[in-house]
Amino acid sequence: MKIGLDISPLSTGHKVRGVGFYVKLLMDNLEKFDKKNSYDFFSGSLPRDLDVVHYPYFDPFQITLPRRLPKKTLVTVHDLTPIVFKDHFPSGFKGNLRFLIQKRRLAKASMIIADSECSKKDIIRLIGIPEERVRVVYLAANEVYKSQKHGKWENDFRKRFGLPEEFVLYVGDATWNKNLPNLINAIKQTSHKLVMVGKVWENTLDSVPDNPWNKDLREVLSEIENDDRFMRLGFVSDLELCYIYNLATVFIMPSVYEGFGLPVLEAMNCGAPVITTRGGSLPEVAGTAGYYVEPNDPENIKEAINAMMSDAKLRTIFSRKSIAQAKKFSIKKMIEETADIYSSV
């Protein structure tokens, strides 16, 4: 079969976010692991003579699907968090109208891929897609993310980025579901430093528009201003992030809800002890390797951070658990399961 993959997210702001990572992972590995099919990676106009078309991204409040879907179409819906918690992600009249259009178009897809069982349930419940047309394919971390041996690189890399000897690491955005205000609150009750990685941390308070979607980001930027316990690195390359995961004393993702939570998997691949929550899909990813906290309890988050940061033996236990749990996810498995869905469509 000839499969068409829409790679248009790679030419937008999504290139440096989870969607861009997913598209790039498919683009780099489909032909490597699937020898049965041929692939056409397109952006814009739909190529002719395709047997199956895969749209690897769905935005509930933006038109990302064409008016007329090809007969055999596959759509990946990463998560519906803004719909699950619509009070925290106001869409306005135009956004609601776009959601109705997107919902109608998605219903015509031959099959839908969800990143997790949690997302699958949301798709069935909120979009009304029959269960038999939604399949779960877990994401995988880029192969660059792996545990590194101790060496001279550690001191060199610390100096290069100005990293402290011990630190808590957060990687990701600052939308409401990420629960950053409670994390900042918890850190402020400790003596530990928090390193924050992601494109969003290149912003200043003055550069962030004052709207409901940016409420938590603006609050966090205001709270951490001129506080040396907080270090914002901004966007870094995959290899640089791998080294940062390896140097982190503890990784934390205290989200209220996630459709997958890719940074948790990346951190586990690097052997970082992981503190997280049971919000959404996170238990599916972290399994027994997660040190779980209540997202809405800053005191509980503080206690978990202190416990992990002060106990090297505990960190070793959770580091080993991380590496074991991460082995359950692989690029090969992700690609093979995706190719199986192409065949079923």
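What counts as what
- Residues numbered from 1 in each chain as written.
- Predicted model: local features only at pLDDT ≥ 70, side-chain atom pairs only at ≥ 80, totals over all residues.
- Heavy atoms only, no water.
- Axes fitted to C-alpha atoms, helices over the stretch in contact; angles between N-to-C directions.
- Helix = DSSP H or I, 4+ residues; strand = E, 2+ residues; numbered from the N terminus.
- Parallel < 35°, antiparallel > 145°, perpendicular 65-115°, else oblique.
- Contact = heavy atoms within 4.5 Å.
- Nonpolar A, V, L, I, M, F, W, Y, C, P; charged D, E, K, R; others polar.
- Core = buried A, V, L, I, M, F, W, Y, C linked by side-chain atoms within 4.5 Å.
- Buried < 20%, exposed > 50% of the residue type's maximum accessible area, 1.4 Å probe, protein only.
- Salt bridge = Lys/Arg side-chain N within 4 Å of Asp/Glu carboxyl O.
- Patch = residues over 30% accessible without salt bridge, like charges linked within 9 Å, V, L, I, M, F, W, Y side chains within 5 Å.
- Areas by Shrake-Rupley, 256 points an atom, 1.4 Å probe, with all protein chains shown as cover.
- Pairing = 2+ DSSP bridges.

*Asks:* Got a sec to walk through the packing of helix H11 (residues 298-310) against helix H12 (residues 312-326)? Specific residues and values, please.
*Replies:* The interhelical angle for the contact between H11 and H12, taken along N-to-C directions, is 100 degrees, at an axis separation of 5 Å. Compared by their axis directions, H11 and H12 come out roughly perpendicular. Note on element contacts: H12 touches H11 through Ala312, Leu314, Arg315 and Phe318, opposite Ala307, Met308, Met309 and Ser310. Its residues assigned to classes, the contact of H11 with H12 comprises 6 nonpolar, 1 polar and 1 charged.

*Asks:* Tell me about the nonpolar core, residues and numbers included.
*Replies:* Core analysis: the biggest nonpolar cluster contains 64 residues, and Leu169, Ile244 and Phe251 have the highest contact counts within it. Aside from chain neighbours lying at most four places away, what touches Leu169 is Leu194, Val195, Val197, Ile244, Tyr245, Ala248, Val250, Phe251 and Ile252. One finds Leu180, Val208, Val220 and Val250 within the second-largest nonpolar core, a separate group that totals 29 residues.

*Asks:* Which residues make up the pattern of salt bridges, and what are the values?
*Replies:* Per the counting criterion, the structure on display carries 14 salt bridges. The salt bridge partner of Lys302 is Glu299, with a shortest N-O separation of 2.8 Å. Taken as a pair, Lys302 and Glu299 lie in helix H11 at a separation of 3 residues, close to a single helical turn.

*Asks:* Before we move on, can you summarise a nonpolar patch on the surface with the specific residues and values?
*Replies:* Residues Phe93, Leu97 and Leu100 make up a contiguous nonpolar surface patch of about 350 Å² in total accessible area. Its relative accessible area of 70% is what places Phe93 among the exposed residues.

*Asks:* Explain the sheet that holds strand E9 (residues 230-234) residue by residue, including any values.
*Replies:* Taking strand neighbours across the sheet as the criterion, the 6 strands line up as E9-E8-E7-E10-E11-E12 in an open arrangement whose pairing is parallel. The outermost strands of the open sheet, each flanked by one partner alone, are E9 and strand E12 (290-292). Looking at each pair of strands side by side, their axes are set apart by 30 degrees on average, direction ignored. This element, helix H6 (residues 180-188), spans strand E7 (168-171), strand E8 (194-197), E9 and strand E10 (250-253) of the sheet and lies at about 155 degrees to E8. Where helix H8 (residues 238-247) meets the sheet, its contacts fall on E7, E8, E9 and E10, and the angle it forms with E7 comes to roughly 145 degrees.

Keep in mind that these numbers describe shape and distance, not what the molecule does.
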